[in-house]
Amino acid sequence: MQFPESWLRTFCDPSVSTQELADILTMAGLEVEELKPVAPPFTRIVVGEIRDAVQHPNADRLRVCKVDIGQPELLNIVCGAPNARVGIRVPCALVGAELPPGEDGAPFQIKVGKLRGVESQGMLCSARELKLSEDHGGLLELGQDAPLGKDIRTYLNLDDTLFTLKLTPNLAHCLSVYGVAREVAALTGAPLVRPSIEAVPAGNKDTLPVKISAPDLCGRFSGRVIRNVNTKAATPQWMIDRLARCGQRSVTALVDISNYVMFELGRPSHIFDLDKIHGGLDVRWGRPGEQLKLLNGNSIAVDEKVGVIADDVQVESLAGIMGGDATAVSDGTQHVYVEAAFWWPKAVAGRSRRFNFSTDAGHRFERGVDPGQTVEHIERITRLILDICGTGQTSCGPINDLQPGKLEAKPVQLRVARAAKVIGMPLTQAQCANALERLGLPLKQHDGVISVTPPSYRFDLQIEEDLIEEVARMVGYNQLPHAPPLAPITASLRPESQRSPYAVSRLLATLGYQETINFSFVDERWERELCANPTPVKLLNPIASQMSVMRSSLLGSLLAVAKFNQARRAPRVRVFEVGRVFLRDATVKSSDTTVEGFAQPVRVAGLASGPSDTLQWGRKEQAVDFFDVKGDVQALLAPLEAEFTPASHPAMHPGRCAKVCIAGRMIGYVGELHPKWRQGYELANAPVLFELELEAVLMRRVPLPQPVSKFQDVQRDIAVVVADNVTHAALMAAVWAAPTNGVLRDAQLFDVYRPKSVKDLVATGGPADRSLAVRLTLNSDEATLAEEQIDAVVVAVVNQLTATLGARQRT
């Protein structure tokens, strides 16, 4: 909310500076987001009047003006503005004046100079040149009552400051200048000048029939007929200035009056063209199929969840949000109907967002507007209409005030002991009562208890904690004692068998991956295609249509990053993410960190695409493949030894995908993106992905000291012929299963040979077989191994391979 300081001080003028006032408001919970001067600094600019204006002898677009600034002699000023004419009063920059800085940032100084041979003794200014607005269509025309020679900053009150408040939803009573002034008076003790609103006597008996068919929509509806108004009347300059400094442009006099009272007192209102209303008004919920063209030009369809004001023929207004175009006032309007209502906040909340726009009226009504002042506010609007748009024939009818139900506030009790405990400082009952009385809250005191009946403008006072907050605000948050919390300190030590998530991120970074952070909200298409998840967790109010569900995998987010980088011609992409996924799980119960029915495990996922190496000269460039990323996963899990077995995953290539297991437990997948999704997501290269459970990745074996053998290792190579479908894992499992009495220390596959010729086919046994060569490393902690012990181990390994895999030793 934005407003000028000068307007605020007409209601409450404490003896504090602008900055001190801003600090007081901020410490009371009304955060002052910005303080901004109305105009930038400039000097020696006064009010002047053009007494004579003749054509420049040497320029078609320039005029030579004689300007009166209240001095004995007129100034000779050359001006090129199209509206420079005799009789208007405008800002005149004298010689030596400094105008606001231009685009180069340097102030512009006025000097005596010649323009096309004619001397100019100053400069006549536009609003844009003074940085008051972007209007540069001509000189800034002032009122004819502007005193000649008066400093323009004083005349236009340009030494004012604009306050911008960032208000929380519970401070709806501060959405007006008077509401803020009421808070300032309570905080500073300065007197509050209450607006004087006198009843305007009725000059006729005309009324408009109104009925409230939906009491759950409207709690009070007040209105008045005003006849014979001059809608072409000009809005007074003081009102235009105040509206502009609230961020509201001037429209017409009637609209400006309605907006002015909204900023002044916090109540939105609406003015109908009375002659365009068919019959009477009905305040009700909308009906399916009804259409309404709004004042902003949009046409909307309403239904039974949207409140409307309708006449006997059509819908005329969107209740509490915006009026309709059909009954809008225009230059031809003669008679008007002024409406001020109280709409229940729940009946207005969310309706503006439904139609993709927001209004000042909706913003206020959905937070709560005072229902007790509708009549007084209509009287205020009526007086302004009579003063600005009134004619000799203008008259107003009586106010029609409808209240379908009695609006009563329930008393709220405050326990002084409870307030002292919550606020964290000793408080007496007198202090609490004084704080609440300063806010204008009617109260009754009992022994240790204060009972408050909230006034009609305080919707936020409903429970005891609300009153405690008010006491804290009035005492001042900056007055609260700085007491350190008292609690036992228990060190949270990570077990040695577990590393931190940061260590995992750092290791992946050393492997060449870059960390990304993505939304947990994803496209439902990703869940359906990449995760085969037909029932993802859906959001009730998604921020965008393509972010409507919670992700159950990190792979979709990484693919989006890859596509983003590909669109910017990044040849090599290696990214990872550590984040939560969201799964339906009926076994999960609610706790401080869990939600019933939903599991939220943390996973780590990575993606590699493009060349396997950065730019180098050592070898030919080749694209990253499954085994590159598999190696990265092995490095990530080390020293744990992972087992990779063929598997299938909806996002991955059916023949280039493996599940990752640790100690027989599956912890994730690694594989190349499925060709179908590579084509569907328009990726130039097939990326290789992995996704693992972070909990398993964090685990590691605690290193144990072991003695180093004093004796030399012995190595033996064996070559066996096995079927082509025998995997490396099965081969190693058979080797280690052989009875070697602890002599076998290491086994490595170092050669794979497939037959190419007829002679080779005979040697290996057939085209479906292959030869695997394994190097065995043997040693003993007790003595040097004898040849007989070595041969026995080799025979044991060969026999185990034969028995387990049907292998035969190659000679």
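Bear in mind the structure is a predicted one, so any value in this text is a computation, not a measurement.

Caption draft 1: Focus on the pairing of strand β31 (residues 573-580). Most of β31 sits out of view: six of its eight residues are buried. As paired elements, strand β27 (residues 514-515) and β31 share two bridges and run parallel to each other. Looking across to β31, one finds that E515 is bridged to F576. The pairing of β31 with strand β34 (residues 602-609) spans eight bridges and is antiparallel. Within β34, the residue paired with V575 across the bridge is L607.

Caption draft 2: Quick peek at the packing of aromatic side chains. Per the counting criterion, the structure on display carries 12 aromatic pairs. A centroid spacing of 4.9 Å and a plane angle of 70° characterise the contact between F342 and W344, whose relative ring orientation is edge-to-face. The exposure class of W344 is partly exposed, given its relative accessible area of 32%. Here the aromatic rings of F626 and F627 are separated by 5.4 Å at their centres, their planes lie at 90°, and the arrangement is edge-to-face. Accessibility expressed as a relative area gives 14% for F626, which makes it buried. Through successive ring pairs, a cluster of aromatic residues spans W7, W238 and Y260. For the cation-ring pair, R153 lies above F42, with the distance from its terminal atom to the ring centre recorded as 4.7 Å. The lysine or arginine in question, R568, covers the ring of F564, its NZ or CZ lying 3.6 Å from the ring centre.

Caption draft 3: Highlighting the environment of L615. Following the sequence through the fold, L615 ends up in the loop between β34 and α17 (626-637). Counting along the chain gives 43 residues from L615 to R572, while the straight-line C-alpha distance between them is 9.8 Å.

Caption draft 4: Representation of the sheet that holds strand β11 (residues 161-166) within the structure. One open sheet holds the three strands; their spatial order is β1-β11-β2, and the pairing between them is antiparallel. At either margin of the open sheet sits one strand with a lone partner, and together these are β1 (2-4) and β2 (31-37). Taking the axes of each pair of neighbouring strands and ignoring which way they run, one obtains an average angle of 25° across the sheet. With six bridges connecting them, β2 and β11 associate as antiparallel partners. Bridging across to β11, K36 finds its partner in L162.

Caption draft 5: Empty space enclosed by the protein, seen in detail. What the rule picks out here adds up to one cavity of 30 Å³ or more. By volume, the largest cavity is sized at about 40 Å³. It is helix α4 (residues 177-188) that provides the largest number of residues to the lining of the largest cavity, a total of three residues. Counted by class, the lining of the largest cavity contains three nonpolar, one polar and four charged residues.

Caption draft 6: Region of the structure containing the packing of helix α2 (residues 18-27) against α4. One way to put it is that α2 packs onto α4 with a least axis distance of 11 Å and a crossing angle of 95°. In terms of their interaxial angle, α2 and α4 are classed as roughly perpendicular. Where α2 abuts α4, its residues L21, I24 and L25 lie against V180, V184, L187 and T188. Partitioned by chemical class, the residues of the contact of α2 with α4 number six nonpolar, one polar and no charged.

Caption draft 7: Local environment of the environment of L402. For L402, the location among the structural elements is in strand β23 (residues 400-402). According to the relative accessible area criterion, L402 is partly exposed, its value standing at 23%. Considered as a pair, L402 and K211 are 191 residues apart in the sequence and their alpha carbons are 7.9 Å apart. Beyond its immediate stretch of four places on either side in the chain, L402 contacts V210, K211, I212, G219, R220 and F221.

Caption draft 8: How the structure looks around the sheet that holds strand β20 (residues 322-323). If you trace the five strands from one edge of the open sheet to the other, you get β12-β15-β18-β19-β20, paired in mixed fashion. Each edge of the open sheet carries a strand with a single partner, namely β12 (210-212) and β20. Pairing of β12 with strand β15 (residues 281-285), which is carried by three bridges, proceeds in the parallel orientation. Pairing of I212 across the sheet is with V283, part of β15.

Caption draft 9: Structural detail: the pattern of salt bridges. Inspection of the entire model under this criterion finds 39 salt bridges. Here the salt bridges share partners, and the residues they tie into one network are E183, R458, D460, E470 and R473.

Caption draft 10: Geometry of the side chain of D632. Along the chain, the position of D632 falls in helix α17. Judged by its relative accessible area of 11%, D632 falls in the buried class.

Caption draft 11: Geometry of helix α10 (residues 374-389). With 16 residues, α10 should reach 22 Å at 1.5 Å per residue; the first-to-last C-alpha distance of 21 Å fits that figure. Among the residues making up α10, those that are buried are T374, H377, I378, E379, R380, I381, T382, L384, I385, I388 and C389.

Caption draft 12: Structural detail: the environment of A651. Among the secondary structure elements, A651 is positioned in the loop between β35 (643-646) and β36 (652-662). Overall, the relative accessible area of 2% leaves A651 in the buried class. The residues contacting A651, other than those within four sequence positions of it, are L530, L555, E672, L673, H674 and W677.

Caption draft 13: How the structure looks around the layout of surface pockets. Here the largest pocket defines a volume of roughly 1,200 Å³. Contributing to the lining of the largest pocket are 32 residues, with K630, A642, F644, H728 and A729 lying nearest its centre. Those elements giving two or more residues to the lining of the largest pocket turn out to be α17, β35, β36, α20 (728-737), β40 (744-753) and β41 (769-778). Residues that form the lining of the largest pocket fall into these classes: 21 nonpolar, six polar and five charged.

Caption draft 14: Highlighting the side chain of R499. With respect to the secondary-structure elements, R499 resides in the loop between α13 (464-475) and α14 (501-510). Buried charge R499 goes without a salt bridge, the closest partner of opposite sign being D632 at 13 Å. Polar contacts involving the side chain of R499 include one to the main-chain carbonyl oxygen of L636, which spans 2.3 Å. In contact with R499, not counting residues within four places along its chain, are R494, V504, L507, L636, L637, A638, V697, L698 and R700.

Caption draft 15: Layout of the nonpolar core. Membership of the largest hydrophobic core comes to 70 residues, with the highest contact counts inside it found for L25, I385, C389 and L414. Core analysis: the next-biggest nonpolar cluster, separate from the first, contains 36 residues, I277, A310, L318 and V348 among them.

Cut-offs applied
Residues numbered from 1 in each chain as written. Predicted model: local features only at pLDDT ≥ 70, side-chain atom pairs only at ≥ 80, totals over all residues. Heavy atoms only, no water. Buried < 20%, exposed > 50% of the residue type's maximum accessible area, 1.4 Å probe, protein only. Helix = DSSP H or I, 4+ residues; strand = E, 2+ residues; numbered from the N terminus. Pairing = 2+ DSSP bridges. Phe/Tyr/Trp six-rings, centres within 6.5 Å; stacked < 30°, edge-to-face > 60°. Lys NZ or Arg CZ within 6 Å of the ring centre and 35° of its normal. Axes fitted to C-alpha atoms, helices over the stretch in contact; angles between N-to-C directions. 1 Å grid on protein atoms, 1.4 Å probe; cavity = no way out; pocket = protein on both sides within 12 Å on 5 of 7 lines; lining within 4 Å. Points joined across faces, edges and corners; volume = space filled by probe spheres on them. Nonpolar A, V, L, I, M, F, W, Y, C, P; charged D, E, K, R; others polar. Parallel < 35°, antiparallel > 145°, perpendicular 65-115°, else oblique. Contact = heavy atoms within 4.5 Å. Salt bridge = Lys/Arg side-chain N within 4 Å of Asp/Glu carboxyl O. Expected span 1.5 Å × (residues − 1). Lys, Arg positive; Asp, Glu negative; His and termini not counted. Polar contact = N/O pair within 3.5 Å; in protein donor to acceptor, adjacent residues only side chain to side chain. Core = buried A, V, L, I, M, F, W, Y, C linked by side-chain atoms within 4.5 Å.

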